[in-house]
Amino acid sequence: MAEHLSQSELDYPFKLLEYLNGYRISKGIFSACELGVFELLLESEKPLTAGEMAQKLGTSEDGLKRLLDLLVAIEILNVEDVQGTAFYNNTDVANLYLAKSSPKSLHTSIVYQSQTIYPLWNNLGDAVREGKNQNEKTFGLPSEEIFSAIYRSEDEMLKFMGLMNSTWVIDRHDIATAFDLSRFKSIIDLGGCSGVLARELAKEYPSSTVTVLDLPDVIQSAQRHFVQEGDTIRFQEGDFFDGEIPSADLYILARILHDWKDDKNLKLLKKIHTACNTGGGVLIAEVLMFENGRGTTLTQMLSLNMLVQTEGKEHPPSYYKHLLNEAGFRDVQVCRTGKLYDAILALK
Ligand code: SAM
Ligand code: ASE
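Heads up: these notes are all about the structure in this document. (Residues numbered from 1 in each chain as written. Chains lettered and ligands numbered in written order. Predicted model: local features only at pLDDT ≥ 70, side-chain atom pairs only at ≥ 80, totals over all residues. Heavy atoms only, no water.)

Re the pairing of strand S2 (residues 85-90)
Then, in step 1: Burial along S2 is one-sided: Ala86, Tyr88 and Asn90 are buried, and none of Thr85, Phe87 and Asn89, which face the opposite way, are.
Then, in step 2: Looking at chain direction, strand S1 (residues 77-82) and S2 are connected through six bridges and run antiparallel. Note that in S2 the partner of Val82 across the bridge is Thr85.
Then, in step 3: Counting the residues in the hairpin turn of S1 and S2 gives two residues, including Gln83, whose phi is positive at 45°. (Buried < 20%, exposed > 50% of the residue type's maximum accessible area, 1.4 Å probe, protein only. Helix = DSSP H or I, 4+ residues; strand = E, 2+ residues; numbered from the N terminus. Pairing = 2+ DSSP bridges.)

Quick word on the site of ligand 2
Then, in step 1: His258, Asp259, Asn305, Gln309 and Tyr341 are the nearest of the 15 residues found near ligand 2.
Then, in step 2: In the model, an oxygen atom of ligand 2 is placed 2.5 Å from a nitrogen or oxygen of the His258 side chain.
Then, in step 3: Within the side chain of Tyr341, one N or O atom sits 3.2 Å away from a nitrogen atom of ligand 2.
Then, in step 4: About the coverage of ligand 2: the protein hides 91% of its 400 Å² of free accessible area.
Then, in step 5: Its residues assigned to classes, the shell around ligand 2 shows eight nonpolar, five polar and two charged. (Near = heavy atom within 4 Å. Polar contact = N/O pair within 3.5 Å; in protein donor to acceptor, adjacent residues only side chain to side chain. Areas by Shrake-Rupley, 256 points an atom, 1.4 Å probe, with all protein chains shown as cover. Nonpolar A, V, L, I, M, F, W, Y, C, P; charged D, E, K, R; others polar.)

Overview of the site of ligand 1
Then, in step 1: Taken together, 18 residues lie near ligand 1, and Tyr151, Gly191, Asp214, Phe240 and Ala254 sit nearest.
Then, in step 2: For ligand 1, an oxygen atom lies 2.8 Å from a polar atom in the side chain of Trp168.
Then, in step 3: At a separation of 2.8 Å, a nitrogen atom of ligand 1 approaches a polar backbone atom of Phe240.
Then, in step 4: Protein chains bury 96% of the 590 Å² of accessible surface belonging to ligand 1 in isolation.
Then, in step 5: A per-element tally of the shell around ligand 1 places helix H12 (residues 154-176) first, with three residues.
Then, in step 6: Its residues assigned to classes, the shell around ligand 1 shows 13 nonpolar, one polar and four charged.

Focus: the packing of aromatic side chains
Then, in step 1: Under the defined criterion, the tally for this structure stands at ten aromatic pairs.
Then, in step 2: Taken together, a centroid distance of 5.0 Å and an interplanar angle of 55° make the contact between Tyr12 and Phe14 tilted.
Then, in step 3: The exposed category is assigned to Phe14, whose relative accessible area is 56%.
Then, in step 4: Among the aromatic side chains, those forming a connected cluster through ring pairs are Tyr112, Phe147, Tyr151, Phe160, Phe240, Phe241 and Trp260.
Then, in step 5: Positioned above the aromatic ring of Phe139, the side-chain terminus of Arg152 is 3.8 Å from the ring centre.
Then, in step 6: When the ring centre of Phe241 is taken as origin, the NZ or CZ atom of Lys264, which lies over that ring, is 5.9 Å away. (Phe/Tyr/Trp six-rings, centres within 6.5 Å; stacked < 30°, edge-to-face > 60°. Lys NZ or Arg CZ within 6 Å of the ring centre and 35° of its normal.)

Things to note about the nonpolar core
Then, in step 1: Formed by 75 residues in total, the largest nonpolar core has its most connected members in Tyr251 and Leu253.
Then, in step 2: In terms of residue count, H12 provides more of this core than any other element does, eight residues in total.
Then, in step 3: The contact partners of Leu253, leaving out residues within four places of it in the chain, are Leu190, Leu268, Leu269, Ile272, Val282, Leu283, Ile284 and Ala285. (Core = buried A, V, L, I, M, F, W, Y, C linked by side-chain atoms within 4.5 Å. Contact = heavy atoms within 4.5 Å.)

In short, the description is geometric, and any link to function would need to be established separately.
Here it is in structure tokens:
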């Protein structure tokens, strides 16, 4: 490790100190989101004092001022001193990504990180020691039933669906266009959740029918909370492990295979291969590691996240190629999009 550190890091560990305090930065931003700081500043359209904000948000003035000053230090808020009084305002980034009502808001995923992921990561050491998820210790729910834990209440189900939905806002177009999918006339998004990716596919390939198949409660929730006017996508209740998989030309598996152990993945892909029309295929969307096990910091963190919350992990392309071939698929093509999520297409 030491040889990778520059001399200046050995003189004084700047980067290390930043890493060690990373959780305080995350939690500072999370709390400001939860308290409504960014939304208040977006709506006010003018800079506000800590006193004015504390009154509107129902917080202590002293506590809020310290939080605002941290956000200024990390350049998430701007501040201007007028005759000794500090006036705070959102930066453009805070207006665009942190305020709840912005169309590009990451608010849903931030609240999920804060309230679900953060408590799970509090048990990261135990997850590494035991090699399994921490749903039991963190939430008192059985570790084998991953989605019973994730969907432990209707509210939690909605929050998870919101998280899944919001992460595709940035990457959905690259996934839908990674390969030309126009020849696949019937597409089923297995475990398609809120339908956000299915909607993008329907938009990109208007002559194909796109169906979201997911667990019954999820489908009902998707239809209640996530349908949009003029929606052309269809919804179907089902269970890709224990139920029937309808025939189709193309199956989407977005962030499915990284949830499960190898044996379940192989079983699922074999089942898809059987149901798949001749000449059809399967499109996988996942974050891909490099072949040597390395990956970006975010990829490595997401793989640890799969450890604390599920029974899966992130993999390099060769893992998916091997599984696909084992299940009977051929012509496996990998498309690295250069964004967070990559795509793999295989044919029957
Ligand atoms: N594909 C979506 C995406 O990328 O945003 C959602 C991915 S989420 C990690 C996994 C999805 O699989 C959830 O929507 C979950 O409800 C669904 N799921 C889990 N077990 C399932 C099963 N046995 N049958 C059908 N869907 C299932
Ligand atoms: C899963 C994905 C996630 C299962 C549990 C999960 C995520 C959080 N918890 O399949 C999303 C991770 N991705 C990003 C970009 O945060």
